[in-house]
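Here is how the chains run, residue by residue.
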Amino acid sequence: MELKFTEAEKAFRQEVRDFLAAELPEATRQHMIAGKSPTKEMVVEWQRKLNARGWAAPEWPVEHGGPGWTPAQKYIFREELQMWPAPSPLGFNINMCGPVVIEFGTEEQKKRFLPRMRNLDDWWCQGFSEPGAGSDLAGLKTKAVREGDHWVINGQKTWTTLAQHADWIFVLARTNPEAKKQEGISFFLVDMKTPGISVRPIITIEGGHEVNEVWFDDVKVPAENLVGEENKGWDCAKFLLGNERFGQARVGASRERIRRLKTIAKETLDNGRPLIEDPEFRRQVTEMEVELKALEMTVMRVIANETKRAGTGKPDPATSVLKIKGTEIQQGVSELLMKAAGPYAWVDGDPEAEGSNEWEVAPDWAFGLAGIYFNWRKQSIYGGSNEIQRNIMAKAFLGL
Amino acid sequence: MDFDLNEEQSLLQDSIRRTLTDRYGFEARRGFMASETGWSRELWAQYAELGLLGLPFSEEDGGFGGGAEEMLILAEQMGRFITLEPWFSTLVLGGGFLRHGADAGLRGELVPGIAGGETLLAFAQQERQSRYDLHDVQTTAKRDGSGWVITGRKGMVLHGDTADHFIVTARTGGGQRDRQGVGVFLVPKGEASSIRGFRQVDGSRAAEVAFENARASHCLSEDGMDLVDRVVDEAIAALAAEAVGAMDVVHGMTVDYMKTRTQFGRPIGSFQALQHKAADMLVAIEQSRSMAYFAAMASRGEDAAERRRDMHAVKVQVGRASRLVGQLSIQLHGGIAMTMEYAAGHYFKRLTVNEATFGDTDHHLRALSDAGGLVQAA
């Protein structure tokens, strides 16, 4: 046990900060400080800068363009980006589909897709959830039927995040309706331009367009776009979801939001004094900070274990801890931000849109904070709801 | 004490509920929200026909002489359908100021128009720096001949874009945060120098209203914080009843969904972890219903200090329940309730705004605790 960052790790942290200072457009940073998600253009521009620097795919092996970092470096890099704040490498490409292709794909698939994923030449989206298959993902009904050198896909996916930007989608589809439900599923890579695919927006309660329905109507997919073995897609899905949970702690992002919250609470008056001087409000913020510190250390423990666990295939209870606490903290901070703004948080309008506060009926910093609170309720639902995480813990680790 | 409705009260509840059931479905509500006014003038006329708009006023003034109990019935039903019409601004706030702050002449002038559905009122009190402190007022009132002129900017004025008259808090004396010297004025809309309307996240309309030497038509009080508190305490009772109505409906919606949504081959309502959450929601709603009755009773109390403490307690209890029920309604549904197409999210948004209207839970908990709580030491 040696509970400190090395000199080399500290130097690396500085190197990341220097890169951010030199390369990230200030407009992107300010956009994100205001609490908005980066636009497609911002994400693409930044991903390409990261790729040029060799930092686009922190988790990938060196042979596929990864930087060859230690777990501590990966952690530092992720946290520094979130704290700046800067866009993270696009999750669908780098943390979801890329690792699946690296782990289960053919040499052809790796050569064809990985470089384009890294450089964000293709924007990927995730075709997993269906109207009848949410928490029970293995209950999915989308079908793929083999016809000659093609598969033909029919069905409907939902909650497809940013499908409106996507060039490709990775899809779970049922290839053997006779098998037990986890055993008849396969993993496909599908070009969004293929005839028969249609994307319909889902507007969420705060008014934003982030998620979509994606419909497949006799969509022909070349046989070489199957990843891994036929009917073994559930292995890919489990592998991918394990990685997804890992990214949900978002410690740096929460720290950045708390920093923002404290800045706002210094400038906002409550009872005629700065809100931050109210002991009750300060106590609530402080509680978040304590929870976050514990989570930060948990993340580091998980990262340190990662190398040792590699290949054992054993699930780690900590991944569920990261999901549960990471989302609770993010939701809690979003609620405190809304509370800090008081009634001025209530002006309606898509919090993601530019210039929605054109009427200047609220201070700029307060605009959209209720909307972000509403939107973030999704965090305890997606990626395996927090109830499902508790089921996993009870069953897999407690033996209950 | 009798918690049962009498015959007239039952009739009132049934007639509101029937009308709203017929006219205020989810799609209809969306249509009203998307319209230019953001709510339905036609429904408003129907409320007038039902006698709802005269409810808070005495018969001598041209109203129907309803009391706290009748307002509770009205507010709960409005909450059940999360209606967008300005009942809260015009009847509860505006009506409160008229009943407690206007002379018979002014009441006679305005009440028939309100009861008939022609006249709308809005309470303009919020300022950028004031947060939940109604006495924190920068807007000024200056004597001008026999009357008063008002200068200042008021934000988040609920239904300020359709109001015919504003009830405005403005400083007649004292410093920005003094309780003394806050006047209450009636200002016709034509006197405002600008009215910028917008929609709030819960679907209701509001406005930023600027006054530049606006001539008040009436001064309700030159030193009116007691009046403001009295009206806001009644408003808190109405908000509590509205929240109970909204919570009850969204809870029912959630339980229905739990019975029909299947995952892992069974209804999700069969999972004990979810059952317990739904039961916790019911506990919170029952406690809130009790507190809404208490609010109706206590809001008319003559001892201002006691009444204030009681209403802080109401906001704390109902506010916490609103948050719990709102958040769990979304969580127990899952993704579907995150969509604009589904009603639960709209109830959640309304409950969120309701919770912080005239002070959030933290604000009232602090105020109650500073005031010594509800139980005196022996």
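Residues numbered from 1 in each chain as written. Chains lettered and ligands numbered in written order. Predicted model: local features only at pLDDT ≥ 70, side-chain atom pairs only at ≥ 80, totals over all residues.

S.K.: Can you explain the environment of A:Phe367? Please cite residues and give values.
M.R.: Locating A:Phe367 in the fold gives a position in the loop between α10 (317–341) and α11 (369–375). In the structure, A:Phe367 is positioned 135 residues away from A:Lys232 in sequence and 47 Å away in space, judged by C-alpha atoms. (Helix = DSSP H or I, 4+ residues; strand = E, 2+ residues; numbered from the N terminus.)

S.K.: Would you mind going over the nonpolar core in detail, with residue names and values included?
M.R.: Within the largest apolar cluster, 205 residues are counted, with the highest numbers of intra-cluster contacts made by A:Ile169, A:Phe188, B:Ile150, B:Phe185 and B:Ala240. If you tally residues by element for this core, the top one is helix α7 (residues 225–260) of chain B, at 17 residues. (Core = buried A, V, L, I, M, F, W, Y, C linked by C-beta atoms within 7 Å. Buried ≥ 20, exposed ≤ 12 C-beta atoms within 10 Å, placed from the backbone.)

S.K.: So what about the interface of chain B and chain A? Which residues, and what values?
M.R.: Listed by partner, the interface residues are 36 residues for chain B and 34 residues for chain A. Broken down by secondary-structure element, the contributors of at least two residues to the side of chain B that touches chain A are β3 (147–158), β6 (194–199), α8 (272–298), α9 (304–333), α10 (343–356) and α11 (361–370) of chain B. Its residues assigned to classes, the side of chain B that touches chain A shows 12 nonpolar, 12 polar and 12 charged. (Contact = placed C-beta atoms within 7 Å. Nonpolar A, V, L, I, M, F, W, Y, C, P; charged D, E, K, R; others polar.)

S.K.: Provide a residue-level description of the domain arrangement of chain B, including the pertinent values.
M.R.: Residues and elements named next belong to chain B. Once the domains are mapped, chain B shows domain 1 (7–119), domain 2 (122–223) and domain 3 (226–370). Computed from C-alpha atoms alone, the centre-to-centre distance between domain 1 and domain 3 is 22 Å. Listed as interface residues are 19 residues of domain 1 and, on the opposing side, 24 residues of domain 3. Listing elements by their share of the side of domain 1 that touches domain 3, those giving two or more residues are α4 (68–80) and α5 (87–101). When the residues that make up the side of domain 1 that touches domain 3 are grouped by side-chain class, the tally is 11 nonpolar, five polar and three charged. (Domains from an automatic or database assignment.)

S.K.: Mind laying out the packing of α9(B) against α11(B), listing which residues take part and the relevant values?
M.R.: Residues and elements named next belong to chain B. Relative to each other, α9 and α11 sit at 145 degrees, their axes nearing to 8 Å. Crossing angle aside, the handedness with which α9 passes α11 is left-handed. Contacts between α9 and α11 involve Arg309, His312, Ala313, Lys315, Val316, Gly319 and Arg320 from the first element and Thr361, His364, Leu365, Ala367 and Leu368 from the second. Across the contact of α9 with α11, the residue classes tally to five nonpolar, four polar and three charged. (Axes fitted to C-alpha atoms, helices over the stretch in contact; angles between N-to-C directions. Left-handed = near helix turned anticlockwise from the far one by under 90°.)

S.K.: Can you lay out α10(A) for me, pointing to particular residues and giving the numbers?
M.R.: Residue and element names in this part refer to chain A. Across its 25 residues, α10 extends 37 Å between first and last C-alpha, which sits within 8% of the 36 Å expected from 1.5 Å per residue. The buried fraction of α10 amounts to 21 of the 25 residues, a majority that puts the element mostly inside the structure. Just downstream of α10 lies Gly342, where phi reads positive at about 60 degrees. (Expected span 1.5 Å × (residues − 1).)

S.K.: Could you give me a rundown of the packing of α7(B) against α8(B), with the residues and numbers involved?
M.R.: Any two packed helices are characterised by the angle at which their axes cross and by the distance between the axes. Residues and elements named next belong to chain B. Interhelical geometry of α7 versus α8 gives an angle of 160 degrees and a closest axis separation of 9 Å. It follows from the interaxial angle that α7 and α8 lie roughly antiparallel. Between α7 and α8 lies a crossing of left-handed hand. Taken together, the residues of α8 that come into contact with α7 (itself represented by Ile236, Ala237, Ala240, Ala241, Ala243, Val244, Met247, Asp248, His251, Thr254, Val255 and Met258) are Leu274, Ala278, Met281, Leu282, Ile285, Ser288, Arg289, Met291, Ala292, Ala295 and Ala296. (Parallel < 35°, antiparallel > 145°, perpendicular 65-115°, else oblique.)

S.K.: I'd like a description of helix α1 (residues 7–23) of chain B, backed by residues and values.
M.R.: Residue and element names in this part refer to chain B. Here α1 is 17 residues long and its end C-alpha atoms lie 24 Å apart, about the 24 Å a rise of 1.5 Å per residue gives. The set of residues buried in α1 consists of Leu12, Ile16 and Leu20. Summarising the axial view, the buried residues of α1 lie within an arc of 50 degrees, below the 170-degree limit, and thus occupy one face. In this structure, α1 carries Glu7, Ser10, Leu11, Asp14, Arg18, Thr21 and Asp22 as exposed residues pointing more than 90 degrees from its buried face. Buried residues in α1 make contact with α3 (41–50) and α4. (Arc of directions from axis to C-beta.)

S.K.: Please give an account of the environment of A:Trp365 that cites residues and values.
M.R.: Secondary-structure assignment places A:Trp365 in the loop between α10 and α11. Judged by C-beta crowding, with 20 C-beta atoms within 10 Å, A:Trp365 ranks as buried.

S.K.: Please provide a residue-by-residue account of the domain arrangement of chain A, values included.
M.R.: All names here are of chain A. Domain boundaries assigned for chain A yield domain 1 (7–89), domain 2 (124–232) and domain 3 (248–397). On a C-alpha basis, the centroid separation for the pair domain 2 and domain 3 is 30 Å. Partitioning the side of domain 2 that touches domain 3 into residue classes produces two nonpolar, four polar and one charged.

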